[in-house]
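Each chain, written out:
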Amino acid sequence: MTSINEQPIPAARPVIGEDEIEAAVRVLRSGRVVQGPEVAAFEEGFSRLVDDRHCVAVNSGTSALHLLLLALGIGPGDEVIVPSFSFAASANAVRLVGADVVFADIEPGSFGLDPAAVEAAITPRTAAIMPVHLYGHPAAMDKLMPIADKHRLAVVEDACQAHAAALNGTPVGAFGAGGTFSFYPTKNMHSLEGGMVTTADAELARTLRLLRNQGMEQRYANEIVGANMRMTDVSAAVGRVQLGKVEAWTEQRRANAAYLDAHITAPAVTTPPVAEGARHVYHQYTVRISGDRDAAMAKLTEAGIGNAVYYPTPIHRLKPYWEPDQKAGRTWDLPETERAAAEVVSLPVHPSLTEGDLERIVAAVNSLGENL
């Protein structure tokens with residue numbers, strides 16, 4: 001039970017400091033608040049995280065996925081292979097462009113797409129693979145890219161939880177045809193709200209810029225059908241401040257995770273493995289609970305330790321996907337996805353944790369004991 005002098009430790013804590021506030025106020029006073037110099041500067045700065053790829057800022061991570069699929073020409077008649085163990089936005093973006101979602105199972109360690117399952121899911125209609133770098137751990141891009149090349153498929157990276165993650169020295173967002181990032185407040189860095197698309201293809205980047213701005217590069221000279229998915233300069237200014245802090249925050253997250261790895265000893269709890277060559281940035285510190293997960297979470301909450309399940313219901317079991325599949329008589333065999341959804345719990349790992357917080361987290365987790 002939480003002591004009267006102990007405050008609960010939140011599972012996540014967005015950072016909005018004086019630097020961010022001053023940046024937002026500066027932009028508001030300037031009068032240039034939408035798609036101006038701050039956005040351009042943010043794009044330029046973010047490109048350094050993704051091997052100097054072209055960067056196109058938009059209003060959310062979901063918009064980033066949506067526009068990238070549109071820019072790649074993916075639409076009705078196409079299939080995109082997606083993990084069901086992810087946030088719904090991964091699959092929603094595919095549906096929004098009119099393509100069909102094909103779910104593939106995940107690896108038990110990284111929670112990313114299983115390359116063997118991906119290869120088995122490819123059909124003549126497959127147009128793209130969407131690896132999700134879940135919780136900040138890179139997917140198995142060293143195995144997925146050769147599969148995509150072999151079958152001439154686009155790779156759309158959902159890196160919305162993985163700013164500055166890398167595999168064998170290559171940053172996520174720099175593997176496929178394009179990568180996407182989210183700057184929602186609970187992410188490893190944020191811009192209040194926003195997203196980014198990254199690509200090595202200059203023409204694709206230009207198409208993305210047209211799509212986010214009603215199809216215009218010059219005002220009232222619409223070249224294609226587009227939308228309004230622009231990032232504001234206020235958001236970009238906040239993002240620029242956070243961009244200067246994300247590396248230090250990342251190292252703190254990694255240090256916090258290392259402490260938890262070293263000190264959590266409860267037999268019912270499995271700490272997150274890290275693949276060889278992977279730089280895990282710990283958007284979430286996600287353990288597996290064997291036994292009664294609800295009881296374990298209740299005990300952690302009683303001890304003042306924030307915890308959450310990401311994600312309790314795989315996408316293929318959500319109503320917008322489950323009901324059409326049932327009507328079509330389609331089923332998905334995703335045992336690792338189902339097991340992960342039943343076992344995972346995310347614990348606090350954010351950079352605001354103190355040494356005392358980490359000790360409290362470990363004590364609460366280890367007190368769960370052997371039999372839940």
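So, how was this worked out
- Residues numbered from 1 in each chain as written.
- Predicted model: local features only at pLDDT ≥ 70, side-chain atom pairs only at ≥ 80, totals over all residues.
- Heavy atoms only, no water.
- Phe/Tyr/Trp six-rings, centres within 6.5 Å; stacked < 30°, edge-to-face > 60°.
- Helix = DSSP H or I, 4+ residues; strand = E, 2+ residues; numbered from the N terminus.
- Buried < 20%, exposed > 50% of the residue type's maximum accessible area, 1.4 Å probe, protein only.
- UniProt positions renumbered as here; feature names shortened; annotations may be inferred.
- Contact = heavy atoms within 4.5 Å.
- 1 Å grid on protein atoms, 1.4 Å probe; cavity = no way out; pocket = protein on both sides within 12 Å on 5 of 7 lines; lining within 4 Å.
- Points joined across faces, edges and corners; volume = space filled by probe spheres on them.
- Nonpolar A, V, L, I, M, F, W, Y, C, P; charged D, E, K, R; others polar.
- Domains from an automatic or database assignment.
- Salt bridge = Lys/Arg side-chain N within 4 Å of Asp/Glu carboxyl O.
- Axes fitted to C-alpha atoms, helices over the stretch in contact; angles between N-to-C directions.
- Parallel < 35°, antiparallel > 145°, perpendicular 65-115°, else oblique.
- Left-handed = near helix turned anticlockwise from the far one by under 90°.

Quick word on the packing of aromatic side chains
Following the criterion strictly, the structure yields twelve aromatic pairs and no others. Look at F85 and F111: their rings are 5.8 Å apart centre to centre, the planes differ by 40 degrees, and that puts the pair in the tilted class. Of this pair, F85 sits in the loop between β2 (79–83) and α4 (89–96) while F111 sits in the loop between β3 (100–104) and α5 (115–121), and the two are 26 residues apart along the sequence. Here F85 and F111 have matching classes, each one buried. Grouping aromatic residues by their ring pairs yields a cluster made of F42, F46, F181 and F183.

Focus: the UniProt feature "modified residue: N6-(pyridoxal phosphate)lysine" (unreviewed entry) in the chain
As annotated in UniProt, the feature "modified residue: N6-(pyridoxal phosphate)lysine" (unreviewed entry) corresponds to K187 in the numbering used here. If sequence neighbours within four positions are ignored, K187 has contacts with C160, Q161, H163, S182, R253 and H283.

Concerning empty space enclosed by the protein
Tallying each qualifying case throughout the model produces three cavities of 30 Å³ or more. The calculated volume of the largest cavity comes to roughly 90 Å³. Every residue lining the largest cavity is counted, 15 residues in all, and those nearest its centre are R13, P14, V15, K187 and R253. Its residues assigned to classes, the lining of the largest cavity comprises seven nonpolar, five polar and three charged. Here the lining of the largest cavity gathers at least three residues from each of two domains, domain 1 (16–238) and domain 2 (244–365).

Regarding the pattern of salt bridges
Per the stated rule, a full pass over the model turns up 20 salt bridges. Measuring nitrogen to oxygen at the nearest pair gives 2.9 Å for the salt bridge that ties E38 to R240. Pair noted here: E38 is in helix α2 (residues 37–46) and R240 is in helix α8 (residues 233–243), with a separation of 202 residues, a long-range link. When the shortest N-O distance is used, the salt bridge between R330 and D325 registers 3.1 Å. The exposure class of D325 is buried, given its relative accessible area of 5%. Via salt bridges that share partners, E247, E251, R254 and R279 belong to a single interconnected network.

A few points about unusual backbone geometry
Negative phi characterises most residues that are not glycine, and trans characterises most peptide bonds. For the peptide bond that leads from Y310 to Y311, omega is 20 degrees, which places it in the cis range. Within the secondary structure layout, Y311 lies in the loop between α10 (293–302) and α11 (319–328). For F111, which is not glycine, the phi torsion reads 65 degrees and is therefore positive. For F111, a relative accessible area of 5% translates into the label buried.

Structural notes on the packing of helix α3 (residues 61–71) against helix α7 (residues 202–212)
To characterise two packed helices, one gives the angle between the axes of the helices and the distance between these axes. Axis separation between α3 and α7 bottoms out at 9 Å; the angle between their running directions is 120 degrees. On the basis of their axis angle, the class for α3 and α7 is oblique. As α3 runs across α7, the sense of the crossing is right-handed. Taking contact as the criterion, the partners of L67, L68, L70 and A71 in α3 are, on α7, L204, T207, L208, L211 and R212.

A few points about the layout of surface pockets
The calculated volume of the largest pocket comes to roughly 440 Å³. Lining the largest pocket are 24 residues, with F87, Q161, S182, K187 and Y311 sitting closest to its centre. Contributions of two or more residues to the lining of the largest pocket are made by α3 and α4. Among the residues making up the lining of the largest pocket, the classes are represented as eleven nonpolar, ten polar and three charged. Residues from two domains meet in the lining of the largest pocket; each of domain 1 (16–238) and domain 2 (244–365) gives at least three. Space inside the second largest pocket adds up to approximately 180 Å³. Lining the second largest pocket are E107, G109, S110, H137, P138, A139, A140, D142, K143, L167, A275 and E276. A per-class count over the lining of the second largest pocket returns five nonpolar, three polar and four charged.

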